[in-house]
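The primary structure of each chain is shown beneath.
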Amino acid sequence: MTIAKQPKERIKILLFENNLADADHVGECLEQSNLNLEILAVKSLADGLQALQAQTFDLILLNLSLPESCGIATLQAVVDIIRDEVVIVLTGADDEELSLKALQQGAQDYLFKDCLSAEVLRRSIRSALGRANRLNRLEAQTRELQHNAELLRQIFDANTDAMLILTQEYEINCLNPAAAELLEAEAESLLGEIFPFE
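Residues numbered from 1 in each chain as written. Predicted model: local features only at pLDDT ≥ 70, side-chain atom pairs only at ≥ 80, totals over all residues. Heavy atoms only, no water.

### Quick notes on helix H3 (residues 72–79)
For clarity, the cut-off: Burial classes: relative accessible area under 20% of the type maximum marks a residue as buried, over 50% as exposed, and values in between as partly exposed (1.4 Å probe, protein chains only). We count a stretch as a helix when DSSP gives it H or I for four or more residues in a row; a strand needs E for two or more, and each element gets its number in order from the N terminus. Starting at the helix axis, one direction is taken to each C-beta atom, and the arc is that of these directions.
For H3, every residue scored as buried is listed here: Ile-72, Thr-74, Leu-75 and Val-78. For H3, the angular spread of the buried residues around the axis is 155°, confining them to a single face.

### With respect to the nonpolar core
In plain terms, the rule: Here, the term nonpolar core denotes a set of buried Ala, Val, Leu, Ile, Met, Phe, Trp, Tyr and Cys residues that are joined through side-chain atoms within 4.5 Å. Residues count as neighbours in contact if any of their non-hydrogen atoms are within 4.5 Å of one another.
If you look at the biggest cluster of nonpolar residues, it comprises 22 residues, and the most contacted ones within it are Phe-16, Leu-52, Ile-60, Leu-62 and Val-78. Listing elements by their share of this core, those giving two or more residues are strand S1 (11–16), helix H2 (45–54), strand S3 (59–63), H3, strand S6 (86–91) and helix H4 (96–104). It is H2 that contributes the most residues to this core, 4 residues altogether. Discounting residues that sit within four places of it in the chain, Ile-60 has contacts with Leu-14, Phe-16, Leu-52, Val-78, Ile-82, Glu-85, Val-86, Val-87 and Ile-88. Of all hydrophobic cores here, the second largest spans 20 residues; its members include Ile-11, Leu-37, Leu-129 and Ala-132.

### Quick word on H2
Of all the positions in H2, only Leu-45, Gly-48, Leu-49, Ala-51 and Leu-52 are classed as buried. One face of H2 carries all of its buried residues, which in axial projection span an arc of 160°. Summarising the geometry of H2, the exposed residues directed more than 90 degrees from the buried face are Gln-50, Gln-53 and Ala-54. Elements that come into contact with the buried residues of H2 comprise S1, strand S2 (37–42), S3, strand S4 (65–66), strand S5 (69–70) and H3.

### Description of the packing of helix H1 (residues 20–31) against helix H5 (residues 118–158)
Two measures define how a pair of helices packs: the angle their axes make with one another and the distance between the axes. Let me state the cut-off plainly: All axes are obtained by fitting lines to C-alpha atoms, using only the stretch in contact for helices, and the reported angles, taken between N-to-C directions, cover 0 to 180 degrees. Roughly parallel covers angles under 35 degrees, roughly antiparallel covers those over 145, roughly perpendicular covers 65 to 115, and oblique covers all other angles. Ten residue types, Ala, Val, Leu, Ile, Met, Phe, Trp, Tyr, Cys and Pro, are classed as nonpolar, four, Asp, Glu, Lys and Arg, as charged, and the remainder, Gly among them, as polar.
The interhelical angle for the contact between H1 and H5, taken along N-to-C directions, is 75°, at an axis separation of 8 Å. With respect to H5, the axis of H1 lies roughly perpendicular. Contacts from Val-26, Cys-29 and Leu-30 in H1 reach Ala-118, Leu-121 and Ile-125 in H5. Of the residues contributing to the contact of H1 with H5, the split by class is 6 nonpolar, no polar and no charged.

### Observations regarding the sheet that holds S6
Our working definition: What makes two strands pair is DSSP finding at least two bridges between them.
With parallel pairing, 5 strands are arranged side by side in an open sheet as S2-S1-S3-S6-S7. If you trace the sheet from one side to the other, it starts and ends with S2 and strand S7 (109–112), each paired once. Neighbouring strand axes in the sheet, compared pairwise and without regard to direction, differ in orientation by 20° on average. By the bridge criterion, 4 bridges tie S6 to S7 in an arrangement that is parallel. Bridge pairing in S7 places Leu-90 opposite Leu-111.

### Things to note about the environment of Gln-105
Take Gln-105: it is sitting in the loop between H4 and S7. You can call Gln-105 partly exposed: its relative accessible area is 33%. When the C-alpha positions of Gln-105 and Leu-190 are compared, they lie 44 Å apart, and in sequence the two are 85 residues distant. Apart from the residues within four sequence positions on either side, Gln-105 is in contact with Ile-72, Leu-75, Gln-76 and Val-79.

### Considering the pattern of salt bridges
To keep things clear, this is the line we draw: Between Lys or Arg on one side and Asp or Glu on the other, a salt bridge is scored when a side-chain nitrogen of the former is within 4 Å of a carboxyl oxygen of the latter.
Inspection of every chain in the model, using the stated rule, returns 7 salt bridges. Residue Glu-85 pairs with Arg-83 through a salt bridge whose shortest N-O separation is 3.5 Å. On the accessibility criterion, Glu-85 (7% relative accessible area) is buried. Overall, Arg-83 belongs to the partly exposed group, its relative accessible area being 44%. Sharing partners across several salt bridges, the network here consists of Glu-17, Asp-22 and Lys-113.

Here is the structure:
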């Protein structure tokens, strides 16, 4: 029995690169990467920003030195308008401080063009997309937990029965308005008190 291989999911890439030789080199590396890719190359920041507003991409390969923008300002301009796209910075400068700044400003990876190969690019793309997917799932779970906590708090506060939540040491950690009314005190003044009262 043979199992048909699932086609690899197509990765849409936006490449910002104004240097023709570098663009060709990156394109060759991408072709040899054995990834299922759809690539749009732009030569300027303005063209790239326009493309980002018109359509969505999975990944952005960003040269920080473009004709109208240079350095972290280039990255910031892109990060300011992207939705879920993952950014990998490509640069010819071997500048560790710049690479750290780029990672702090939202890039998932930072690659030196001189060290670029199909294998390096494939590994970076897979890792960056994997990290971004895990982060997106974590953020979605956090939002859901916050939403559920808010719903529980609303139910707790709206309950007409007096309710207290105590720590293991019997300190009042939380109480609803009905409990505060029954105990004839402001809720805030009872927090941290030992219950039952002596």
